[in-house]
Structures are given as structure tokens and as C-alpha cells.
Amino acid sequence: MEVSAMRMGKGKYEGIQACADEKGIIAAAAMDQRGSLRKAIAKAKGGDVSEAELTEFKMAVTKILTPYASAILLDPEFGLPALKVRAPGTGVLLAYEKSGYDTSSKGRLPDLLPEWSVRRLVEAGANAIKILLYYNPFDEVRINAVKHAFIERVGAECAALDVPFFLEPLAYDDSVGDEKSLEFARVKPKYVAKYMEEFSKDRYGVDVLKVELPFNIAYTQGTSAFKGEAAYTRAEAIQHLKAAAQAAGKPFIYLSAGVSDAVFRESLELAIEADVPFSGVLCGRATWQEGIPVYATQGVQALEEWLSDRGVRNIQMLNEVLAKGAKPWWTHYGSLEAVRG
């Protein structure tokens, strides 16, 4: 997709810069999980998890890992106290959507946190706003019309306050089934490229796309993560990366989608081999998920010790991969001068 040079508002420019490092790479940590985090801790603990424990976990991750991250993504429900313990100079993204989706109706429809607005999130400390959206490009027109209008509203709200809008679309198709299945792996490249193209349209007001890698490395022949069933060869996965990148008209970063840190790094190595202009990552569970059972069974001090050792090593190894091939976020606009308001 061709991208013409454009200037953005001073607030959007400064907000994205606040979330990037000095080279324009977004090396952000994600700690906005709510429902999934509560379930994971509860499973490891064998009992209920309080709101205070969720906040305590988020604070530990934020305190220990933000010295090695350009930004931290948190939720305003349980994560705001963690802002006080983040490393100086760490950018802040705040989630604006409710955790999960409406299971009572078809289409995985999104909803906003009702007591929050973009203005209130900025007042709480956000440099940028993030929305997660489950999206099937080939779903019923009426379902996607609701989602398109939803994103347009958030985009307009961010534009009115001159705040960057990070959108995280997640591909799914209930008719295909489990997103981790071989069947879904086969269609995933097409779905990811399609949503990257759709939400690059100016009408949505998205500034940065937080996207999935357009393949599932577990079904990619020629990788160490390959499990034996093939959806594509290594060369085909590289072509899928290139096709999705060409569909993007906005800067994009990759999410870890809950895989292990080693698998995520190998996936990023493929993106670097494909020479696609990704501008970094927003990486959550890959970095800290193995600390969940430590916290559940031994408490917060043990978690901090684990994070200080393994968690820091995970994020440092990830940063080393980014240093090999991530491109500044303004690459899509040609130069820094092209976007500076």
C-alpha cells in the first residue's frame, strides 16, 4: 500500500515518541491482561485471585521490566498503581476496552470501559490509547459494520484530543474454529493482511497497528518451533510476512500472542529475514508468563526475584532481536520530518 507523507498533530507525534526508544523503535511490554491473567493465577494457585493480587502482579512486572522497555501497556482497572513504580522515561499505553468480548451475541463484539474516556485515560497518565478488537474480515457485513463504526468513534475521540491510537486486531473465524489449529493457520495469512489493509484507512484514525505475525510458526516447516503438521514452508511464511506488510499503510508492531519467549523471538527472526518494516513489539506473556506459578505458589517477592533473573533475560534477548531489524515507526511516512507536527 502506497503511503503519502503526512503531518500528524503534535500530541500524537509526542505520544508515539514517548512510547518508542531513541531510535524510534517501540519495545513495549504488555501488562493489561485481566480475565486471562486472573484465570492463569487462579489455576496455578488452586483458588480465587483478588483484585489486590492482580494489581500486585502488575506492579511487580512493571517495576522489574520497564527499565528494559520503551513503554508499558496497562489497564485502568487494576494497573494504574503500577504507573508509580515504572522506570523513569517509560511511555504509557492504557487499554480502553473491556476485557474479553460479549459471549451472549454473535460476532465477538467489543465494548469500552464505561467509566473511562480518552480524556480520562490521558489524565490518568496515558501517552497513547490501545484498543483490542476481535476481527474476521470475512464476517457478516452487519457485524463488521458495528466494529468499523466502533473503531471510527474511538479514532475520532483520539483525534479530538490529539492522542495516538494503537489498534490491536485479532483474527478469528468461528466457522474455521480454534485460532491455534492447523485449519486456522492455513487461512491466517489472508486474514491478517486483510485487517492490516482495512484499518490502515484514514477513516479509522489509527496511528499504530499492533498485529499478529501472519503465520503460525508451529505449522511452519524449517523452524525449530515446527510441530510436524505443515501449513506452510519457511519460504512461504516469509512471503506471507511480506504480503501483510505491503497491505499496511500505517506503522505496525508485532504482538506475542501468548507464545513462549523463544518461539516469539524465532518468529521475529523470520520477519527480519523477510525485511519487513515492523517497528517493534508490544510483548506481554512471552516475557513474564512463566512467573505466574512462581507468584501463585511463593508470593510477590519470589516473583520479583524470578523477573529480575529470567524475566529480564527474556526482555533483553528480545531487545537484541529488535536491534537486528526493527525499523523506526516513522519509516512508513518516509522520514521523521514528514510526520513531525
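Residues numbered from 1 in each chain as written. Predicted model: local features only at pLDDT ≥ 70, side-chain atom pairs only at ≥ 80, totals over all residues. Heavy atoms only, no water.

## Focus: the overall build of the chain
What counts here: Runs of H or I in DSSP of at least four residues are treated as helices and runs of E of at least two as strands, each being numbered from the N terminus. Only C-alpha atoms enter the radius of gyration; for comparison, a globular chain is expected to reach 2.2 Å times N to the power 0.38, where N is the number of residues. Relative accessibility thresholds used throughout: buried, under 20% of the residue-type maximum; exposed, over 50%; partly exposed, between the two (1.4 Å probe, protein chains only). Only heavy atoms matter for contacts: two residues are in contact if any of them lie within 4.5 Å across the pair. Reported accessibility uses the Shrake-Rupley method at a 1.4 Å probe radius. Residues are deemed covered only where the shown protein chains occlude them. Here the positive residues are Lys and Arg and the negative ones are Asp and Glu; neither His nor the chain ends is included. Every charge is mapped onto a representative atom, which is NZ of Lys, CZ of Arg, CG of Asp or CD of Glu.
Looking only at helices and strands, the chain has twelve helices and eight strands in total. Taking 2.2 N^0.38 as the reference for a compact globule, 341 residues should give roughly 20 Å; the C-alpha atoms of the chain span a radius of gyration of 19 Å, in line with that estimate. In terms of overall dimensions, the chain has a C-alpha envelope of 50 × 50 × 45 Å along the principal axes. A total of 341 residues make up the chain; the buried ones form 54% of that total. Long-range contacts, defined as pairs at least 24 residues apart, comprise 73% of the intrachain contacts of the chain with a sequence gap of at least 6. Accessible surface, the chain as shown: approximately 14,200 Å² in total, 50% of it carbon and sulfur. If you average the places of the 41 positive and of the 45 negative side-chain charges in the chain, the two averages end up 1 Å apart.

## Some remarks on the sheet that holds strand β5 (residues 165–171)
Which entries qualify depends on this criterion: Two strands form a pair only when DSSP identifies at least two bridges running between them. Geometry is summarised by axes, namely lines fitted to C-alpha atoms with helices restricted to the contacting stretch, and by angles between N-to-C directions that run from 0 to 180 degrees.
With parallel pairing, the eight strands of this closed barrel are ordered in space as β1-β2-β3-β4-β5-β6-β7-β8. In this sheet, adjacent strand axes meet at a mean angle of 25° when their direction is disregarded. Of the strand pairs in this sheet, strand β2 (residues 71–74) and strand β3 (residues 91–95) are connected by four bridges, and their pairing is parallel. Counterpart to Leu 73 in the pairing with β3 is Leu 93. Each of β1 (26–30), β2, β3, β4 (128–135), β5 and β6 (208–211) is contacted by helix α1 (residues 10–19), which is oriented at about 105° to β3, the strand it contacts most.

## Points about the packing of helix α6 (residues 182–198) against helix α7 (residues 234–247)
Selection rule: Convention used here: angles under 35 degrees read as roughly parallel, angles over 145 as roughly antiparallel, angles from 65 to 115 as roughly perpendicular, and any remaining angle as oblique. In this scheme the handedness of a crossing depends on how the near helix is turned from the far one: anticlockwise by less than a right angle means left-handed, clockwise means right-handed. For this classification, Asp, Glu, Lys and Arg are treated as charged, while Ala, Val, Leu, Ile, Met, Phe, Trp, Tyr, Cys and Pro are nonpolar and the rest, including Gly, are polar.
One can describe the packing of α6 onto α7 by two numbers: an axis separation of 7 Å at closest approach and a directional angle of 15°. By the criterion of interaxial angle, the relationship of α6 to α7 is roughly parallel. Considering the relative orientation of α6 and α7, their crossing is right-handed. Mapping the contact onto sequence places Pro 189, Ala 193, Met 196 and Glu 197 in α6 and His 240, Ala 244 and Ala 247 in α7. Residues of the contact of α6 with α7, tallied by class, amount to five nonpolar, one polar and one charged.

## A closer look at the pattern of salt bridges
Stated precisely, the cut-off is as follows: The term salt bridge refers to a side-chain nitrogen of Lys or Arg lying within 4 Å of a carboxyl oxygen of Asp or Glu.
Scanning the entire structure with this criterion turns up 26 salt bridges. Its salt-bridge partner being Asp 261, residue Arg 265 comes within 2.9 Å of it at the nearest N-O pair. Here Arg 265 and its partner Asp 261 are both found in helix α8 (residues 261–273), four residues apart, which amounts to about one turn of the helix. Note on accessibility: Arg 265 and Asp 261 belong to one class, buried. One connected set of salt bridges, linked through shared partners, spans Asp 32, Arg 34, Glu 77, Glu 97, Lys 130, Glu 168 and Lys 210.

## A closer look at the environment of Arg 153
With respect to the helices, strands and loops of the structure, Arg 153 is situated in helix α5 (residues 141–161). Owing to a relative accessible area of 55%, Arg 153 belongs among the exposed residues under this scheme.

## Notes on the nonpolar core
Inclusion rule: Definition used in this section: a nonpolar core is a set of buried Ala, Val, Leu, Ile, Met, Phe, Trp, Tyr and Cys residues joined via side-chain atoms within 4.5 Å.
Phe 57, Ile 151, Tyr 254 and Phe 278 are the most contacted members of the largest nonpolar core, which has 94 residues in total. If one sorts the elements of this core by residue count, helix α11 (residues 300–325) sits on top with nine residues. If we ignore the near neighbours within four places in the chain, the residues touching Phe 57 are Met 31, Leu 37, Ile 41, Trp 288, Gly 291, Ile 292, Tyr 295 and Leu 303. In this structure, Ala 71, Leu 93, Ala 128 and Ala 338 belong to the second largest nonpolar core, which totals 22 residues.

## Re the pairing of β3
Within β3, five of the five residues are buried, which leaves it mostly tucked inside the rest of the structure. For β3 and β4, the ladder comprises three bridges, and the chain directions are parallel. Residue pairing for β4: Leu 93 is matched across the bridge by Ala 128.

## Some thoughts on the side chain of Glu 97
Defined as follows: Nitrogen and oxygen atoms within 3.5 Å of one another constitute a polar contact, given that in protein one can donate a hydrogen and the other can accept it, and given that sequence-neighbouring residues count only through two side-chain atoms.
Locating Glu 97 in the fold gives a position in the loop between β3 and α4 (118–123). Note on Glu 97: relative accessible area 4%, which makes it buried. Reaching out from Glu 97, the side chain makes a polar contact with the backbone nitrogen of Leu 132 at a distance of 3.2 Å.

## Quick look at the packing of aromatic side chains
The test is simple: Pairing of aromatic rings covers Phe, Tyr and Trp, the last through its six-membered ring, and needs centres within 6.5 Å; plane angles under 30 degrees mean stacked, over 60 mean edge-to-face, and all others mean tilted.
In this structure the tally under the stated criterion is eleven aromatic pairs. Between the aromatic rings of Tyr 101 and Tyr 134, the centroid separation amounts to 4.9 Å while the plane-to-plane angle is 70°, which identifies the pairing as edge-to-face. You can see Tyr 101 sitting in the loop between β3 and α4 and its partner Tyr 134 sitting in strand β4, a full 33 residues away along the chain. Given the relative accessible area of 34%, Tyr 101 is considered partly exposed. Seen in terms of ring centroids, Tyr 135 and Phe 199 are 4.8 Å apart; in terms of plane orientation they differ by 70°. Their pairing is edge-to-face. Of the two residues, Tyr 135 is situated in strand β4 and Phe 199 in the loop between α6 and β6; the sequence distance between them amounts to 64 residues. For the pair Tyr 135 and Phe 199, one class covers both residues: buried. Taken together through their ring pairs, the aromatic side chains of Tyr 13, Trp 329 and Trp 330 make up a single cluster.

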